[in-house]
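Structure at a glance
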Amino acid sequence: MTLSSNSKSAALAGAAALAACAYAWHLRKRLEREQRLRKEERKGRTRAEAALRNLSKQRDRIPTQSLRTRQVAAIGHVETPFVKRSGTPRQGMVCPSSRGVVKLDQAAHACLSRAALDGLEDYSHIWVLFEFHANTDMHFKAAKVAPPRGYGAKVGWLATRAPHRAVPVGLSLVKVDSVDAKNLHIHISALDLCHGTPVWDIKPYVPWDAPQSEIRYPAWVSRNDVLKGVRWESQALDALRKLAPSLLETYGFPTDALDDAQKTLEEVLVQDPRNKRRRKTRGPDGAGAGTGASYRIPFAGL
């Protein structure tokens, strides 16, 4: 009876060992197969990427009207209350109360998903690469331009931040107020962008973006020609009060939209957004041209 029991246990142990060996062999073969498939897939992907890169190089060597061209699609656009070039802040940081929304377009790029915005809310500022889409000089040829703050001085267009350029691409530093990943919206402030501006790319601002050495620039850049103040008429304030709710909804202004909208307009106006000819007519006290002079600056349809 004891001998029979021992034999049964040994048989079971042998069968278990055999099964374990078979399972281990199966796992090893499966692992080898997966490793082989992965290696083949990587090799195929590498070949495909190399072929694509070679085709791109061949395409770039084809003579075109310019030295090199590339077709790109904007990743989104900006919605701001500045509906015209006239009255748009010349720099975002001189108009910190301005508000806007960057709306990303997932239809243009499959990689624009909620995940693409993950971590962006950790940054206080971002660089926005955009197109000067409202330019009217489609065939820009001038080597020199007259900067608005240059008062007649002409410099090479590469020595300015003017929107009129051979390739109408701009770079703007804006503040991140909030990120709405669900709707692919980035709420920004301190901006200098017209309504509808196409956005080509977004990059976070990091500390080493700021130069550690001394910054050098021409005197006309730092010319202080800010107006002394802005006086509001009751009719203008009434129109702004009617506009405030739509500002809150459309452009991401805070709850006290009226105050921020008013601040935004004041920050734009003290920078004197008139053209150079009209700016020369400023009075001795820094005020605008003579009594009764008026200038239309569109703001959110106002």
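Just so it is clear, the model here is predicted, and its values are computed rather than measured. (Residues numbered from 1 in each chain as written. Predicted model: local features only at pLDDT ≥ 70, side-chain atom pairs only at ≥ 80, totals over all residues. Heavy atoms only, no water.)

In the structure shown here, the tally under the stated rule is 8 salt bridges. Among the ionic pairs, R99 bridges to D260, the shortest N-O distance being 3.0 Å. Linking R99 in strand β2 (residues 99-104) with D260 in helix α3 (residues 257-269), this pair joins segments that are 161 residues apart in sequence. According to the relative accessible area criterion, R99 is buried, its value standing at 14%. Each of R99, K175, D177 and D260 takes part in a single network of salt bridges with overlapping partners. (Salt bridge = Lys/Arg side-chain N within 4 Å of Asp/Glu carboxyl O. Helix = DSSP H or I, 4+ residues; strand = E, 2+ residues; numbered from the N terminus. Buried < 20%, exposed > 50% of the residue type's maximum accessible area, 1.4 Å probe, protein only.)

Among the surface-exposed residues, R38, K39, R42, K43 and R47 lie close enough to one another that they form a single positively charged patch. Inspection of the secondary structure puts R47 in helix α1 (residues 2-61). (Patch = residues over 30% accessible without salt bridge, like charges linked within 9 Å, V, L, I, M, F, W, Y side chains within 5 Å. Areas by Shrake-Rupley, 256 points an atom, 1.4 Å probe, with all protein chains shown as cover. Lys, Arg positive; Asp, Glu negative; His and termini not counted. Charge placed at Lys NZ, Arg CZ, Asp CG, Glu CD.)

This part covers helix α2 (residues 234-251). The end-to-end C-alpha distance of α2, which contains 18 residues, comes to 24 Å, matching closely the 26 Å that a straight helix rising 1.5 Å per residue would cover. At L243, α2 is deflected by roughly 40 degrees, the largest bend along its length, and proline P245 occurs up to four residues later in sequence. Of the positions making up α2, those classed as buried are L237, L240, L243, A244, L247 and Y251. Directly after α2, the chain includes G252, whose backbone phi takes a positive value near 75 degrees. (Expected span 1.5 Å × (residues − 1). Bend = angle between axes of the 7 residues up to and from the residue.)

To continue, consider the pairing of strand β1 (residues 76-79). Here β1 pairs with β2 via 4 bridges, running antiparallel. Counted as the bridge partner of E79 is V101 from β2. Both β1 and strand β8 (residues 198-204) contribute to a ladder of 2 bridges, which runs antiparallel. Paired with H77 across the strands is P198, a residue of β8. (Pairing = 2+ DSSP bridges.)

Core analysis: the biggest nonpolar cluster contains 33 residues, and V102, L104, I126, I186 and I202 have the highest contact counts within it. Elements that contribute at least two residues to this core include exactly β2, β3 (125-131), β6 (169-180), β7 (185-189), β8, α2 and α3. Here V102 is in contact with H77, V78, L184, H185, I186, I188, V199 and I202, once residues within four sequence places are set aside. (Core = buried A, V, L, I, M, F, W, Y, C linked by side-chain atoms within 4.5 Å. Contact = heavy atoms within 4.5 Å.)

Turning next to unusual backbone geometry. For L184, which is not glycine, the phi torsion reads 60 degrees and is therefore positive. Summarising the element assignment, L184 is placed in the loop between β6 and β7. With a phi close to 55 degrees, A190 is a non-glycine residue in the positive phi region. Examined against the element boundaries, A190 turns out to sit in the loop between β7 and β8.

To continue, consider the side chain of E267. Inspection of the secondary structure assignment puts E267 in helix α3. Buried and without a salt bridge, E267 has K263 as its closest oppositely charged side chain, separated by 6.8 Å. Leave out the neighbours within four places in its chain, and E267 touches V94, C95, P96, S97 and S98.

Everything listed is a geometric property; what it means functionally is a separate question.
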